Amino acid sequence: MYHDSKVKKRLCLVILTILVMVIGLASPVSAARRPKLSATSVKIFKNKPYNLKLKYAKGTVTWSSGNNAVVSVTPVGQLLGNARGSTYVYARNAGRTYRCKVVVEEPFISGTNLEIIKGKTVQLRVYGTTRKVKWSSTGSSVASVSSSGKVKAKKAGTCTIRATVSGYGTFICKVKVINAYTSGACQAEADRPWHTKK
């Protein structure tokens, strides 16, 4: 009797081990994943590449752009913004088509050279992007700048105002603070929305 009980226990243990292994093999982890784009909507900068991927795809992936004048795409899914605007990029695989909306931004600063009278303020702006802009001054005692780009002239001298666009780079504006105007320079240059970067 004791021997039979011992055999039954061992048999039960073997069966339990097999069941655990079978359940493990049938787990959803082993299920095939469906292809999907790494992003379905992106904002990129002009002339800066961005890599888009079709994850879990098997076989050939064919890429195309809805407007090559705005965005071009390489055979491996690398995007390049050619002009400001928006369009869709498509990835075709195994008879299915996936699309990603692409917005191309082209930031520029409203002024690159300013001459300001001591005590006056001028508003600098960065146009053409929705990204966060961080403002700073190399000489706050000469001219300070607020978090929104407002420059305040404090004393005669020169300094540089920097506008760093997240993920893009930094624009600079050279500032000269004077006690009174001695030239025909226009203080309000930075307030002209049509002012293009130089």
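Below or above, wherever it landed, is the structure these notes cover.

### Comments concerning the nonpolar core
Thinking step 1. If you look at the biggest cluster of nonpolar residues, it comprises 22 residues, and the most contacted ones within it are Val 126, Trp 135, Ile 161 and Val 175.
Thinking step 2. Those elements that provide at least two residues to this core are β11 (113-117), β14 (133-137), β15 (143-145), β16 (150-153), β17 (157-165) and β18 (169-178).
Thinking step 3. Beyond its immediate stretch of four places on either side in the chain, Ile 161 contacts Leu 124, Trp 135, Ser 136, Ser 137, Ala 143, Val 145, Val 151, Phe 171, Ile 172, Cys 173 and Val 175.
Thinking step 4. Ile 44, Leu 52, Trp 63 and Ala 91 belong to the second largest nonpolar core, which has 17 residues in total.

### Some remarks on the sheet that holds strand β2 (residues 41-45)
To summarise the sheet geometry, strands pair through backbone hydrogen bonds and adopt either a parallel or an antiparallel arrangement.
Thinking step 1. Taken in spatial order, the four strands of this open sheet run β2-β9-β8-β5, and their pairing is mixed. Where the open sheet ends on each side, the last strands, each with one partner, are β2 and β5 (62-65). In this sheet, neighbouring strand axes are inclined to one another by 25 degrees on average, regardless of whether the strands run parallel or antiparallel.
Thinking step 2. Where β2 and strand β9 (residues 96-105) come together, five bridges link them in parallel fashion. Note that in β9 the partner of Phe 45 across the bridge is Glu 105.

### Regarding the packing of aromatic side chains
Thinking step 1. If you walk through the whole model with that rule in mind, you get four aromatic pairs.
Thinking step 2. Taken together, a centroid distance of 6.5 Å and an interplanar angle of 35 degrees make the contact between Tyr 88 and Tyr 90 tilted.
Thinking step 3. A relative accessible area of 28% means that Tyr 88 is categorised as partly exposed.
Thinking step 4. A network of ring pairs unites the aromatic residues Phe 45, Tyr 168 and Phe 171 as a single cluster.
Thinking step 5. We note Lys 48 situated over the ring of Tyr 168; from NZ or CZ to the ring centre the distance is 5.0 Å.
Thinking step 6. The positively charged end of Arg 99 is found above the aromatic ring belonging to Tyr 88, 4.1 Å away from the centroid.

### Points about the sheet that holds strand β6 (residues 71-73)
Thinking step 1. One open sheet accounts for three strands, arranged β3-β7-β6; its pairing is antiparallel. In the strand order of this sheet, the two ends are held by β3 (49-51) and β6, each with one partner. Across the sheet, the axes of successive neighbouring strands diverge by a mean angle of 25 degrees, strand direction being ignored.
Thinking step 2. As defined by bridge partners, β3 adjoins strand β7 (residues 78-81) across three bridges and the pair is classed as antiparallel. The residue of β7 that forms the bridge with Asn 51 is Gln 78.

### Some points on unusual backbone geometry
Thinking step 1. At Asn 47, a position not held by glycine, the phi torsion is positive, near 70 degrees.
Thinking step 2. Tracing the backbone through its elements, the reader meets Asn 47 in the loop between β2 and β3.
Thinking step 3. Located in the positive-phi region is Tyr 56, a residue other than glycine, with phi close to 65 degrees.
Thinking step 4. Relative to the helices and strands, Tyr 56 is located in the loop between β4 (54-55) and β5.
Thinking step 5. Owing to a relative accessible area of 37%, Tyr 56 belongs among the partly exposed residues under this scheme.

Cut-offs used in this document
- Residues numbered from 1 in each chain as written.
- Predicted model: local features only at pLDDT ≥ 70, side-chain atom pairs only at ≥ 80, totals over all residues.
- Heavy atoms only, no water.
- Core = buried A, V, L, I, M, F, W, Y, C linked by side-chain atoms within 4.5 Å.
- Buried < 20%, exposed > 50% of the residue type's maximum accessible area, 1.4 Å probe, protein only.
- Helix = DSSP H or I, 4+ residues; strand = E, 2+ residues; numbered from the N terminus.
- Contact = heavy atoms within 4.5 Å.
- Pairing = 2+ DSSP bridges.
- Axes fitted to C-alpha atoms, helices over the stretch in contact; angles between N-to-C directions.
- Phe/Tyr/Trp six-rings, centres within 6.5 Å; stacked < 30°, edge-to-face > 60°.
- Lys NZ or Arg CZ within 6 Å of the ring centre and 35° of its normal.

What is shown is where atoms sit, not what they do.
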